[in-house]
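Tertiary structure, described
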Amino acid sequence: MRITFLGTAAANAFPEAFCKCRNCAQARKLGGLSLRKRSAALINTDLLIDLGPDVMAAAQIHGCPLDEVHYCLQTHAHADHLDLSHLLSRSPGFGVLGAPVLDFYASRETLLRTEQTFIRDLAGYSLLAPEAEKELNVRLHQINPLEYFTVGQYSVMAFPANHAPGMGAMLYSVEQNGRALFYGTDTATLFEETWQTFRRYTMQFDLVILDHTYGKDQRGTDHLSANQVVEHANRLRTDGVLKPHGSVFATHIAHEGNPPHPELAAHAKQLGYDVAHDGLILTL
Ligand SMILES: [Zn+2]
Ligand SMILES: [Zn+2]
Ligand SMILES: [Zn+2]
């Protein structure tokens, strides 16, 4: 299983284009791995996590076309993770040829918001209407948390995120051919129910990707900080949820509390985890 990080920034990208803070100024100067787009990821060539606002740019910059994407696991409907205009732009009506049907998986709450936003702001017709499937080449699927479901060749489970109460935000585990990853953004401290589910199904991951919105001296209630990532990485190891050679990578990195990539990555390494960057490809 191969994962490509299409974006690794929090909601405001990094550098935030309008910001003069030290971290943004330094990232602009350094360029390269310090330039982060809004978070999304691609598994192999066919499974997208989040139809985010920057996936088009990512596909161009990192040379990873999304023309084989058949499935999308949507974490939630916050604007830094979901840009519904992509549903129109990838449709036959916009001249797109040969794209597979997009099977779009999300919680009930996310589907509800998706539907409302789509009708109100974009198209004036319902995503749930049968003609939408034909118009947009898309099929919507409601997923229930803490139950395995099959997505093509993948076995997937959704976990309620500790984020934006009432929005139905989900985290995902994805397994294929004996390899497994956990995609854990956006979320604050993982719920005990999530740890219990890992235990109940004896889940063991080769890769755990975690929210790292806040820096080491910040603490929030809707996202994880550097210190909390360390706490999670430690528990993943002691509970045996991370395989012995497995790794923990941080994503969804905000400019306020986190330095540019080289400094952040070096600091993280000392604390026992790694920091993803845009375009990073990991093979499990
Ligand atoms: Zn976010
Ligand atoms: Zn800034
Ligand atoms: Zn969010």
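If you're wondering where the values come from, they're calculated on a predicted model, not measured in any experiment.

Rules used in this analysis
- Residues numbered from 1 in each chain as written.
- Chains lettered and ligands numbered in written order.
- Predicted model: local features only at pLDDT ≥ 70, side-chain atom pairs only at ≥ 80, totals over all residues.
- Heavy atoms only, no water.
- Pairing = 2+ DSSP bridges.
- Helix = DSSP H or I, 4+ residues; strand = E, 2+ residues; numbered from the N terminus.
- Donors = N, O, S within 2.8 Å, 3.2 Å for Na, K, Ca; no water.
- Tetrahedral: all angles 85-135°; square planar, octahedral: opposite > 155°, others 65-115°.
- Buried < 20%, exposed > 50% of the residue type's maximum accessible area, 1.4 Å probe, protein only.
- Arc of directions from axis to C-beta.
- Contact = heavy atoms within 4.5 Å.
- Phe/Tyr/Trp six-rings, centres within 6.5 Å; stacked < 30°, edge-to-face > 60°.
- Lys NZ or Arg CZ within 6 Å of the ring centre and 35° of its normal.

**Examining the sheet that holds strand β8 (residues 154–160)**
The mixed open sheet is built from 7 strands, whose spatial order is β7-β8-β9-β10-β11-β12-β13. The outermost strands of the open sheet, each flanked by one partner alone, are β7 (148–151) and β13 (274–275). Both strand β10 (residues 179–184) and strand β11 (residues 205–211) contribute to a ladder of 4 bridges, which runs parallel. Among the inter-strand pairings, Leu-181 is bridged to a residue of β11, identified as Leu-207.

**Regarding the coordination of the zinc ion (ligand 1)**
The coordination sphere of the zinc ion (ligand 1) contains the protein donors Asp-80 (OD), His-81 (NE2), Asp-186 (OD) and His-252 (NE2), at a distance range of 2.1 to 2.2 Å. Its 4 donor atoms give the zinc ion (ligand 1) angles of 90 to 159 degrees at the centre, a pattern that matches the irregular case. For the zinc ion (ligand 1), the single-chain donor residues occur in sequence as D-H-x104-D-x65-H.

**Observations regarding helix α8 (residues 261–271)**
Residues that lie three or four places apart on an α-helix share one face, since the helix turns once every 3.6 residues. For α8, every residue scored as buried is listed here: His-261, Leu-264 and Ala-268. Each buried residue of α8 sits inside an arc of 70 degrees when the element is viewed along its axis, so together they form one side. Residues of α8 that are exposed and angled more than 90 degrees away from the buried face: Lys-269 and Gln-270. Buried-residue contacts for α8 involve β13. Directly after α8, the chain includes Gly-272, whose backbone phi takes a positive value near 95 degrees.

**Focus: the packing of aromatic side chains**
Applying the stated criterion across every chain yields a total of 10 aromatic pairs. Between Phe-182 and Phe-205, the aromatic rings sit 5.6 Å apart at their centres with planes inclined by 45 degrees, giving tilted as the arrangement. Of the two residues, Phe-182 is situated in strand β10 and Phe-205 in strand β11; the sequence distance between them amounts to 23 residues. For Phe-182, a relative accessible area of 1% puts it in the buried group. Measuring from ring centre to ring centre gives 5.3 Å for Phe-198 and Phe-205, while their planes differ by 80 degrees; the resulting arrangement is edge-to-face. Across the pair, exposure class does not vary: Phe-198 and Phe-205 are buried alike. The structure contains a cluster of three or more aromatic residues connected by ring pairs, namely Phe-159, Phe-182, Trp-195, Phe-198 and Phe-205. Positioned above the aromatic ring of Trp-195 is the side chain of Arg-235, whose terminal nitrogen or guanidinium carbon lies 4.1 Å from the ring centre.

**Structural notes on the coordination of the zinc ion (ligand 3)**
Only His-76 (NE2), His-78 (ND1), His-163 (NE2) and Asp-186 (OD) from the protein coordinate the zinc ion (ligand 3), and they sit 2.1 to 2.4 Å from it. Here the zinc ion (ligand 3) is ringed by 4 donor atoms whose angles at the metal span 93 to 164 degrees, and the overall shape comes out irregular. Expressed as a motif, the donor residue spacing for the zinc ion (ligand 3) is H-x1-H-x84-H-x22-D. A separation of 3.6 Å is found between the zinc ion (ligand 3) and the zinc ion (ligand 1), both of which receive a donor from Asp-186. Placement of His-78 in the loop between β4 (71–73) and α3 (85–89) and of Asp-186 in the loop between β10 and α6 (192–200) is noted, with a sequence separation of 108 residues between them. For His-78, a relative accessible area of 27% puts it in the partly exposed group. Exposure remark for Asp-186: the relative accessible area of 2% places this residue in the buried category.

**Here we look at the environment of Gly-166**
Of note, Gly-166 is situated in the loop between β8 and β9 (170–176). Measuring from C-alpha to C-alpha, the distance between Gly-166 and Thr-110 comes to 9.7 Å, with 56 residues separating the pair along the chain.

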